[in-house]
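Observations on chain architecture
Spelled out from the first residue to the last, the chains are:
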Amino acid sequence: MRNIKFIICLVVTVGLIYLLENRWVINGNPVPPLGRFLDPFSGFWRNIQPLEARLPGVLNLPGLQENVSISFDSMAIPHIFAKNNMDLYFAQGFITARHRLWQMEFQTHAAAGRVSEITGAGKNDIFLDYDRGQRRLGMVFGAKRALESLAENQEALISVEKYTEGINTYIASLSYKTLPFEYKLLDYRPEPWTVLKCALLLKSMAQTLNLDDKDIEMSNTLKLFGPEVVELLYPDREPIGDPIVDNKDGWTFNNTIPDSIPMALPDDLVKINRLPGRDPTAGSNNWAVSGDKTATGSPILCGDPHLTLSLPSLWYVAQLNAPGISTLGASLPGVPGIIIGCTDSIAWSVTNAQRDVVDWYKISFQDKLHTRYLLDSSWVQTEKIVETFKVRDKSVFYDTVMYTYWGPIPYDDSYRATNNLKHYALRWISHDTSDEFVAYYKLNRANNHAAFQSALDYFSAPAQNFVFASMSGDIAMRIQGKYPIRRPLEGKFLLDGSKTSNGWQQFIPNDQNIMVRNPARGFVSSANQYPVDATYPYYITASNFEAYRNRRINSVLSSADQIVPADMMKLQNDNYNLKAEESLPFFLSVLDTTKFSTAEKEAYRELSKWDYYNNKNSVGASYYEAWWDNLMPMLWDEMRQENVTLTMPTTFNTIRLLKQQPTLGFFDIQQTSEKETAADVIRKAFTFGVEDIESWKEEHASVVVEWGDFKDSYIGHLMRLDPLGVHVKAGGNHDIVNAHGRTKGPSWRMVVSLENTGIKMWGIYPGGQSGNPGSVFYSNMIDRWVNGQYFPMLFMHYAEDGRNRIFYSTQLKKQE
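Residues numbered from 1 in each chain as written. Predicted model: local features only at pLDDT ≥ 70, side-chain atom pairs only at ≥ 80, totals over all residues. Heavy atoms only, no water.

**Here we look at the pairing of strand β28 (residues 758-764)**
Strand residues, when the strand is regular, have side chains that alternate between the two faces of the sheet. Stated formally: The classification of residues rests on relative accessible area computed with a 1.4 Å probe and restricted to protein chains. Under 20% of the type maximum is buried, over 50% is exposed, and intermediate values are partly exposed. Per the convention used, a helix needs a DSSP run of H or I reaching at least four residues, while a strand needs a run of E reaching at least two, with both numbered from the N terminus. Here a strand pair is declared whenever DSSP counts at least two bridges between the two strands.
In terms of burial, β28 is largely enclosed, as six of its seven residues are buried. Pairing of strand β27 (residues 749-755) with β28, which is carried by seven bridges, proceeds in the antiparallel orientation. By the bridge assignment for β28, R749 is matched with I764. Linkage of β27 to β28, two consecutive antiparallel strands, is achieved through a turn of two residues. Here three bridges tie β28 to strand β29 (residues 791-793), and the two strands are oriented antiparallel to one another. In the strand pairing of β29, W762 is matched with P792.

Below you can see the structure in the form of structure tokens.
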């Protein structure tokens, strides 16, 4: 009996050890090894740090040539002072990894199509499907092309290599106890960093910002409705003013426009479930005002890029100082240098340039084996790349991606084969060689407008509207990217891939890109609107251009004088809804108030007295947005067909057509037997919008519906771990200067005053410096960000500066 009890206890003990020391997947949900994960000494408890664990006062590291001084201020921003560039970037890589390693690795795995290595294939193979899509977009292909170009500039190459070395030095120092929380939860360890990963992060940003087009939708529209409808519903240029640069009749260069080319309309209408690209509701604002309009007589520069909001946050703030460089601002974790910020002489920020740099080419294969395709009257060999997916908890998966002269073929018989867009090749500017690393390296060292211009000559993609200001008094705007010279309508429809002459033949020279310096109006600005006046000689098209934020910004700046930084902060947080101002009076005028229900009467009262501000406590804003969200799909129900991909016209063009062509046939609702006009649909959408509000009230047991509650903005964890996300009550929305929607918004707000006594910067972003959910620095900036408050940024000129704001300091010493 004693032996039996011993055997039972032994079996139970061994079983518990086995269960607790291994990872399990239960109902598709991974469970980490609970023994290690719950260990109070080295498990996830070690990651609960109200204050970020300090580095020792002195830390000996291999790879340094000389000592590096790093001071962390009260916001946990590192101020890195090195005696040479190599040590500077080594230290930046080391410190950034210390705060954001898991984020950096997860984002590069996502860019490279390797998420399933960490998570497994997922329910219905969702993660594997995502990975296959990333490989088929050629993300790694584009990143490798960028590294080919980087090899030609040794200074920039060394910065990336030393940054990588710093990251790997930090990785080498980790034990299970010191691993970031997500590694313990998902039960894996970080792999060595590579320079390719740095390039992948830039390509991931390009995917977010410039992988967008309307070729498929416009080709379908042309085939279904004809060219007149395309021009009516989807004009390249809408009839509103305020382009980014208005230089009417000031373009003096000679340009050459190639002959037109034939479109390649498919025999069948195209249905496509697109791979991830740019969200058309995301945008950005930036502007600079000259000293003539400010109280100090010095320029002020402002920028707030709008992107998906996440925790850990997209940006990581740092200051870099070494001989020849003194720069402060927002860095992209995993990429050396500062992406948006200032030096001790200039400041810059960016918004996305809405230009079409994606084309789809119809490929004609010789046979069903797809080994050859037609190009310039010859059958050319298809390049087939076998992609290997090391899916966690499953056997290895193999996928074959076909590459052509134009680029990869994302969709074929083995991937999303139910779609009709098979055997179309993707031509994407971000597959070309590019020098963004060089551009940022030089931009971080620029001290005047000429140096700024020289740095941007290296910048190709994703194309950006770069705003500039300097302590010497200059302000400027440059729309910089590598742009193909397009023939009329080129890029708006699918193209024939059987002739190389149908491709991009030339690119706009850098000195002919759109730019302006010190305009007479005293400011420059951009908000993703149409870029230039009608006299600019090159054809411009994009999937959409912004129509409201830019005009609101320009209106405020035009009338402002004696501007101080607080005025610019107020403008960045401006919630005025110009779209509502231009549409709501018309909407209200067509309602039949005699037939209102009690709830509709209440809605009408709130809307009639609304001041057009989408402030978080506004009730009128909730009714307007609910109305609008019902109106658009009802108006354009023809664009939601089951077997064809179409897109709705822009917000501005919709409102214009409602007013000018209220009997337009498209406004008739297809599912009804009646013949509706614009007024009919507006009335029906009002009723549905009020019903949505009433349902919300009932669900939330509330008698009022304030906009911040109705919108329910959310900043989620990158892995969609709900307990690590944050719900916030905030104003704003898309089409508003404070473009804070539900999950997207200003990812970094910055105001810089370039005064003779020294540069002053204020900044804020929705998160914190640390990627550790247990740290106070994980989300400590969110409340101030929501409330439109900023932190003054500490710009140190020497390692001994700013002692009253220093949290602690450390010295990285070279290992003897």
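**Examining a nonpolar patch on the surface**
Put simply, the rule reads: Within the patch definition used here, like charges are joined within 9 Å and nonpolar side chains (Val, Leu, Ile, Met, Phe, Trp, Tyr) within 5 Å, considering only residues with over 30% relative accessible area and no salt bridge. Here, Shrake-Rupley sampling with a 1.4 Å probe gives the accessible areas, and only protein chains in the shown set may cover a residue. The term salt bridge refers to a side-chain nitrogen of Lys or Arg lying within 4 Å of a carboxyl oxygen of Asp or Glu.
Together, V386, V396 and Y398 give the surface a local cluster of nonpolar side chains, amounting to about 300 Å² of exposed area. Assignment of secondary structure puts V396 in the loop between β16 (383-389) and β17 (397-403).

**So, the pattern of salt bridges**
Scanning all chains against the criterion turns up 35 salt bridges. R135 serves as the salt-bridge partner of E387, at 3.0 Å between the closest nitrogen and oxygen. Of this pair, E387 sits in strand β16 while R135 sits in helix α5 (residues 126-136), and the two are 252 residues apart along the sequence. Since its relative accessible area comes to 17%, E387 is described here as buried. Salt bridges sharing common partners tie together D356, D359, R486, R487 and E490.

**So, empty space enclosed by the protein**
To keep it simple, the criterion reads: Definitions used throughout: a 1 Å grid over protein atoms alone; a cavity as a set of points that fits a 1.4 Å probe which cannot get out; a pocket as an open set with protein on both sides within 12 Å along at least five of seven lines; a lining residue as one with an atom within 4 Å of a point. Grid points are joined across faces, edges and corners, and a volume is the space filled by probe spheres set on the points. Ten residue types, Ala, Val, Leu, Ile, Met, Phe, Trp, Tyr, Cys and Pro, are classed as nonpolar, four, Asp, Glu, Lys and Arg, as charged, and the remainder, Gly among them, as polar.
In total, this model carries eight cavities of 30 Å³ or more according to the counting rule given. Volume-wise, the largest cavity comes out at about 220 Å³. Classifying every residue of the lining of the largest cavity gives 14 nonpolar, four polar and one charged. Roughly 90 Å³ of internal volume is contained in the second largest cavity. If you go around the second largest cavity, the residues you meet are R355, D356, V357, Y483, P484, I485, R486, I508, Y538, Y539, I540 and T541. For the lining of the second largest cavity, the per-class residue count stands at eight nonpolar, one polar and three charged.

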